[in-house]
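Each chain is listed here by its residues.
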Amino acid sequence: MAVENRLFHKIQSGERLSRQEALALWDLDLLTLGRLADQARWRFHPEPMVTYVVDRNINYTNICVSGCRFCAFFRPPGSPEGFVLDEETLRRKLTETRELGGSGVLLQGGLNPELTLDYYEGLVRIIRGHGLHVHGFSPPEINFFSRQSGLPITEVLGRLIAAGLGSIPGGGAEILVDRVRQSLSPHKCSTCDWLAVMAAAHKLGLRTTATMMFGHLETPDERIEHLLRIRDLQDETGGFTAFIPWSFQPTNTSLGGDAAGSWEYLKTLAISRLVLDNVKNLQVSWVTQGGKVAQVALAFGANDFGSTMIEENVVAAAGVTFRLSEAEIQHLITSAGYVPQRRDHVYRFLGGGSQGPVGPCPLPPAPSPNPLRGLNQPGESGGSPRLSGPSKGGWEGSLRGEWGSRCSPGPTLNSPRVAVIARVGAHRDFWEKGVRYLGKEVRLTPFGESNPVHLFEHEGLVFAVLSRHGEEGYHVAAAFVNDRANLYALKDLGVEKVLAWCAPGAINEVMEPGHLVVPDDILDETRGGPYTFFPGRGLGFVRQNPVFCPELREAVIRSLKSGPFPLHDHGVYVATSGPRLETPAEIRKCKMLGGDLVGMTLVPEVFLARELELCYAALCYVVNFAEGLRNRPFQPGVLFEGLAAPEEVARVRQVEAAMAELVLRLLPILAAAPRACACSRLMERYRLRGDIGPEWRTWFT
Ligand code: SF4
């Protein structure tokens, strides 16, 4: 009882609660908590106003690579139910919002890999052009935009602010504990990343809200942890305007389970009011609880009724369809003994109070020379979307926010252990197979920008796909591929094993077009390089036997032996430079030297992979007989100018069409293959000599 009295005394005198005291609140009964929270509410708001905002939610896309288990709203890329809001519909919604007296828009959407920062800027400009405030883009979206564009969080925010972004909603917080986040939404930003976006936004002068979605996998202690994390950041920045706890709605979600009841909701709400002694406003969630519980919540610490939500889709997708008009909200507030008061998105009272038309948004419309740029034209402008890139401080730790130095290292998002370096646009083969797409990254490395790395998940295994010759056509001939950047990027993402998928010609005539070959040796006939990560440094003097990782080769051979295509489990791959094809005399020379296949891709890729201590093996599908082995007339305008006969091309198409399937079959075997090989220690000699350190990234600085 003495402990309880001390707790009551602290609360009633407005003193800060410690973690232990906050945890002890769970032991208090609901009505006691309500009474204490109500007292705290009146300390914050001595006037009997209960505020609300007239606005609508606009969801610009439901396509999302995050796939959160609690979300019934999203559709994966490629889904026929996926949408990106078109401009006409957007403008109609905005006009309607204005006509209904709305002062702003809550703008949120899925993490859509096809949209670019230009698109988001265009959206914001259009909304501001209608004189509406933009309360937009939750931290996971901002984090995604940053990774996609390769720009630091502050730069992304700066561009959105310049376009007219007015404030940020606190969505995507769920529970700010990585144990929970990893289970609920492993592909979404971490606790640290969420806080980093909010910290950056506050420092740029944006006000934001904070939310908590509870009642799923978290413990009561983790709810307290969440509150403390918000409280800590608020101490530092003061940028949170309001806190909005709401309960998980399980219908139509893969997580399922039961929704928290109103008892638990009110208890959590009251505890939020008591712990968050530095966040002024506490919002009810009538969307999840209904108007009547929301009305009662006004006696449990809440002072804000949220939004009229002219439109709401996300909670509705989870089967909850409470709807309230402005008049109904006013009535609920009035009949509970309070005075309804309209506000804007940063909690300023708006003229009109409980009656009359709302005044215009106090912010001037953002100038917009070209508000439509990028809108509804996914990927059209702004270059290739990029999921991750360097912060201004360098390329290291590019998955971390600027605030990362203050956060304990969290789990890395989407770490693939296996990568496939493949032909042009190979990622589309996996899309077509419906493999779960996690997005793409372009990494800035010490050797320049990598090709896009597409991340997929298949049966619980995350893997990467990189097209060495570009995404469309054959724009990057072998001699011009930035192999160093590509391999560095893969290693940087966490890849340990690389399967190179390539399409050589046959020098050995038993290897016919359409056959598979797992080469075991290389003859390097290329010129020009670069063949090493360490030019002029005396490093990389590495033995090349075995050339390919024996464990990986063995796994590939074992897996494909019983497959539908003839398989050769050894072969010498002769690498030439190109971009031209070889002459008949060169092929005769290669044959005399013991070559079985000829192509342009595996060198210097294989040598560089070894310098990065990656396991690397190649799976070749033969596409033609090399020059001079068959009598083939020159045919301008067709593939290889007629080097491959039509029936050979048809066989090759078959194997090509099956490659993604073969990779998916291989994937678990490759992932499980032990790294008992020497690949992970190929630079050991230099480590022992002290030429390089244990952290591989430092080798290049
Ligand atoms: S909650 Fe947001 S990020 Fe998660 S799946 Fe739904 S739309 Fe995507």
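Residues numbered from 1 in each chain as written. Predicted model: local features only at pLDDT ≥ 70, side-chain atom pairs only at ≥ 80, totals over all residues.

### Quick word on the overall build of the protein chain
Note the following rule: For helices the rule is a DSSP run of H or I covering at least 4 residues; for strands it is a run of E covering at least 2, with both sets numbered from the N terminus onward. We call a residue exposed when 12 or fewer other C-beta atoms sit within 10 Å of its C-beta, buried when the count reaches 20 or more, and partly exposed for counts in between; the C-beta positions come from the backbone. Each residue gets a C-beta atom placed from its backbone, and two residues are in contact if those atoms lie within 7 Å.
The number of helices and strands found in the protein chain is 21 helices and 25 strands. Residues counted as buried form 51% of the 701 residues belonging to the protein chain. Sequence-distant contacts in the protein chain: of pairs separated by 6 or more residues, those separated by 24 or more amount to 80%.

### Things to note about the confidence of the model for the protein chain
Stated formally: pLDDT expresses, on a scale from 0 to 100, how confident the predictor is about each individual residue.
Counting all residues, the mean pLDDT for the protein chain is 86, and 89% of those residues have values of 70 or more. Counting contacts from residues 352–413, a segment whose pLDDT is below 50, to residues more than four positions away or on other chains yields 143 contacts.

### Re the site of the ligand
What counts here: Only the C-beta atom matters for nearness: placed from the backbone, it must lie within 6 Å of the molecule or strand for the residue to count as near. Residues are grouped as follows: Ala, Val, Leu, Ile, Met, Phe, Trp, Tyr, Cys and Pro are nonpolar; Asp, Glu, Lys and Arg are charged; all remaining types, including Gly, are polar.
For the ligand, the full set of nearby residues is Cys-64, Ser-66, Gly-67, Cys-68, Cys-71, Phe-73, Phe-74, Gly-110, Leu-111, Pro-140, Ser-185 and Lys-188. Here the residues of the shell around the ligand sort into 7 nonpolar, 4 polar and 1 charged.

### Side note on the sheet that holds strand β9 (residues 304–307)
For the record, the criterion: Pairs of strands are assigned from DSSP output, requiring at least two bridges between the strands. Inter-axis angles, ranging from 0 to 180 degrees, are taken between N-to-C directions of lines fitted to C-alpha atoms, where helices are fitted over the stretch in contact.
Strands sit in the order β9-β1-β10 across an open sheet of 3 strands; the sheet is parallel. What marks the edges here is a single partner per strand, and that holds for β9 and β10 (339–342). The average angle at which neighbouring strand axes cross in this sheet is 20 degrees, direction not considered. Sheet topology places strand β1 (residues 49–53) next to β9; 2 bridges connect them, and they run parallel. When the bridges of β9 are listed, Thr-51 appears paired with Asp-304. Relative to the sheet, helix α14 (residues 326–335) contacts β1, β9 and β10, its axis offset from that of β10 by approximately 140 degrees.

### Looking at the environment of Gln-283
Topologically, Gln-283 is positioned in the loop between β8 (281–282) and α12 (286–297). Look at Gln-283 and you get buried, because 27 C-beta atoms sit within 10 Å. A sequence separation of 233 residues divides Gln-283 from Val-50, and the C-alpha atoms of the two residues are 9.6 Å apart. When near neighbours in sequence (up to four residues on either side) are disregarded, Gln-283 contacts Ala-242, Ile-244, Ala-302, Asp-304 and Gly-306.

### Section: the pairing of strand β15 (residues 453–458)
A regular strand carries its side chains on alternate faces of the sheet. Pairing between strand β12 (residues 436–441) and β15: 5 bridges, direction antiparallel. Bridging from a neighbouring strand, Arg-436 pairs with Glu-457 of β15. Pairing of β15 with strand β16 (residues 461–467) involves 6 bridges; the strand directions are antiparallel. Looking at β16, one finds that Phe-456 is bridged to Phe-463. Following β15, the chain reverses through 2 residues before pairing antiparallel with β16; Glu-459 in that reversal takes a positive phi of roughly 50 degrees.

### Focus on the sheet that holds strand β25 (residues 624–625)
Strand order in the open sheet formed by 5 strands is β20-β22-β23-β18-β25, with mixed pairing between adjacent strands. Each end of this open sheet is capped by a strand with a single partner; those strands are β20 (521–524) and β25. Judged from the 3 bridges that link them, strand β22 (residues 572–575) and strand β23 (residues 597–599) form a sheet pairing that is parallel. Looking across to β23, one finds that Tyr-573 is bridged to Leu-597. Lying on the sheet, helix α19 (residues 602–611) is in contact with β20, β22 and β23; it crosses β20 at an angle near 120 degrees.

### So, the pairing of strand β4 (residues 133–136)
Let me state the cut-off plainly: The handedness of a crossover follows from its direction of travel: if, with the strands pointing away from the viewer, the path from the first strand over the helix to the second runs clockwise, the crossover is right-handed.
Side chains of β4 alternate between two faces, with His-133 and His-135 and Val-134 and Gly-136 buried alike. Sheet topology note: the strand β3 (residues 104–108)/β4 ladder contains 4 bridges and is parallel. In the sheet register, Leu-107 faces β4, and the bridge partner there is Gly-136. On the question of chirality, the crossover connecting β3 to the parallel β4 by way of helix α5 (residues 117–129) is right-handed.

### So, the packing of helix α11 (residues 262–275) against α12
Going by this rule: Angles are sorted into four bins: roughly parallel if under 35 degrees, roughly antiparallel if over 145, roughly perpendicular if 65 to 115, and oblique for all others. For a crossing to be left-handed, the near helix must be turned anticlockwise from the far one by less than a right angle; the clockwise case is right-handed.
Relative to each other, α11 and α12 sit at 40 degrees, their axes nearing to 11 Å. By the angle class used here, α11 and α12 are oblique. As for how α11 packs across α12, the hand of that crossing is right-handed. Taken together, the residues of α12 that come into contact with α11 (itself represented by Ser-262, Tyr-265, Leu-266 and Leu-269) are Gln-289, Val-293, Val-296 and Ala-297. Split by residue class, the contact of α11 with α12 holds 6 nonpolar, 2 polar and no charged.

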